[in-house]
Amino acid sequence: MVEVRVAVTVAELEEARECWRAANVARGKVPGTERVERVREKLADPEALVLVAVEGGCVVGMVLAEAGRAEDGRGPVEPGLCHVSMVFVRPERWGAGVGAALLGVLKACAAGRGQSRLQLWTGVANERALALYRRVGFRASGRRHEIFGVGQVVHLVCSGG
């Protein structure tokens, strides 16, 4: 049984980072040292909301969310908007409902913070992620753009919990 909770210890944050790394490696996107450090900093940000899915005492999934900002993250905080920055599940748990459980709890946590709308960007070619996001209520906003080294990404939105 998976338990989803807010990550509060340094060990949970490190396990969340390792979950992120393992999922990227499994997708053939081995992160460099600089990227690993940047993710470690994002996870440690006191303003970030980090949830972990724990099973058998181990972190098997993680999500990181932050206050949504206007102008695709460059503008001021937009009241009521939660930006989902990362959703990762350990490869051996893909397809087991861990991502849906994380996003369900995230919606409730965001609503508790006064954020009734959620948004995220994901790769157009990331079919596994797109299917998950659609299952839990995200819909394409119609916005897309190209990110160098990543490819085309699509913007998805969802009403919160």
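Everything quoted here is computed from the prediction, not taken from an experiment.

Caption draft 1: Structural detail: the overall build of the protein. Counting secondary structure elements, the protein contains four helices and seven strands. Starting at the N terminus, the α and β elements of the protein follow one another as β-α-α-β-β-β-α-β-α-β-β. Relative to the globule expectation of 15 Å for 161 residues, the C-alpha radius of gyration of the protein, 15 Å, shows essentially globular dimensions. Taken along its principal axes, the extent of the C-alpha atoms in the protein is 40 × 35 × 30 Å. Here the protein, with 161 residues, has 42% of them falling under the buried criterion. Of the contacts made within the protein by residues no fewer than 6 positions apart, 61% connect residues no fewer than 24 positions apart. Of the roughly 8,600 Å² of accessible surface on the protein, 53% is carried by carbon and sulfur atoms. Taking the 22 positively charged and 18 negatively charged side chains of the protein as two groups, their mean positions are separated by 6 Å.

Caption draft 2: Examining the nonpolar core more closely. V84, L102, L106, Y133 and F138 are the most contacted members of the largest nonpolar core, which has 27 residues in total. Elements with a minimum of two residues in this core: strand 2 (49-55), strand 3 (58-69), strand 4 (77-89), helix 3 (98-112), strand 5 (117-123), helix 4 (127-135) and strand 7 (151-159). Element by element, the count of residues in this core is highest for helix 3, at five residues. The contact partners of L106, leaving out residues within four places of it in the chain, are L49, L51, V63, A65, V84 and L118.

Caption draft 3: Region of interest: the packing of helix 1 (residues 10-26) against helix 2 (residues 33-44). Their axes nearest at 10 Å, the elements helix 1 and helix 2 cross at an angle of 140 degrees. One element, helix 1, and the other, helix 2, form an angle in the oblique class. Here the hand of the crossing between helix 1 and helix 2 comes out right-handed. Counting all contacts with helix 1, which are made through L13, E14, A16, R17 and W20, the residues of helix 2 involved are R35, V36, V39, R40, L43 and A44. When grouped by side-chain class, the residues that make up the contact of helix 1 with helix 2 number seven nonpolar, no polar and four charged.

Caption draft 4: Region of the structure containing the environment of V84. Inspection of the secondary structure assignment puts V84 in strand 4. Among the residues examined, V84 registers a relative accessible area of 3% and is labelled buried. Sequence separation between V84 and V105 is 21 residues; the distance between their C-alpha atoms is 13 Å. Sequence-distant contacts of V84, defined by excluding residues within four places in its chain, comprise V63, L64, A65, L106, L118, Q119, L120 and F138.

Caption draft 5: Broad picture of the pattern of salt bridges. All told, the structure shown has nine salt bridges when counted by the stated rule. Each member of the salt-bridge network shares a partner with another, and the members are E14, R17, E37 and R40.

Caption draft 6: Quick look at helix 3. The end-to-end C-alpha separation of helix 3 is 21 Å, in line with the 21 Å expected for 15 residues at 1.5 Å each. Listed in full, the buried residues belonging to helix 3 are V98, G99, L102, L103, L106, K107 and A110. Downstream of helix 3 by a residue or two, G114 has a phi angle that is positive, lying close to 85 degrees.

Caption draft 7: Molecular detail of the sheet that holds strand 2. Spatially, seven strands are ordered 1-2-3-4-5-7-6 in an open sheet, and the strand pairing comes out mixed. Unpaired on one side and paired on the other, strand 1 (3-6) and strand 6 (139-147) mark the two borders of the sheet. Within this sheet the neighbouring strands show an average axis-to-axis angle of 25 degrees, counted without direction. Alignment of strand 5 against strand 7, held across seven bridges, turns out to be antiparallel. Bridge pairing in strand 7 links Q119 to V157. Packed onto the sheet, helix 1 meets strand 1, strand 2, strand 3 and strand 4 and runs at close to 95 degrees relative to strand 3. Helix 3 rests against strand 1, strand 2, strand 3, strand 4, strand 5 and strand 7 of the sheet, and its axis sits at about 140 degrees to strand 2.

Rules behind the numbers
- Residues numbered from 1 in each chain as written.
- Predicted model: local features only at pLDDT ≥ 70, side-chain atom pairs only at ≥ 80, totals over all residues.
- Heavy atoms only, no water.
- Helix = DSSP H or I, 4+ residues; strand = E, 2+ residues; numbered from the N terminus.
- Rg over C-alpha atoms; globule rule 2.2 N^0.38 Å.
- Buried < 20%, exposed > 50% of the residue type's maximum accessible area, 1.4 Å probe, protein only.
- Contact = heavy atoms within 4.5 Å.
- Areas by Shrake-Rupley, 256 points an atom, 1.4 Å probe, with all protein chains shown as cover.
- Lys, Arg positive; Asp, Glu negative; His and termini not counted.
- Charge placed at Lys NZ, Arg CZ, Asp CG, Glu CD.
- Core = buried A, V, L, I, M, F, W, Y, C linked by side-chain atoms within 4.5 Å.
- Axes fitted to C-alpha atoms, helices over the stretch in contact; angles between N-to-C directions.
- Parallel < 35°, antiparallel > 145°, perpendicular 65-115°, else oblique.
- Left-handed = near helix turned anticlockwise from the far one by under 90°.
- Nonpolar A, V, L, I, M, F, W, Y, C, P; charged D, E, K, R; others polar.
- Salt bridge = Lys/Arg side-chain N within 4 Å of Asp/Glu carboxyl O.
- Expected span 1.5 Å × (residues − 1).
- Pairing = 2+ DSSP bridges.

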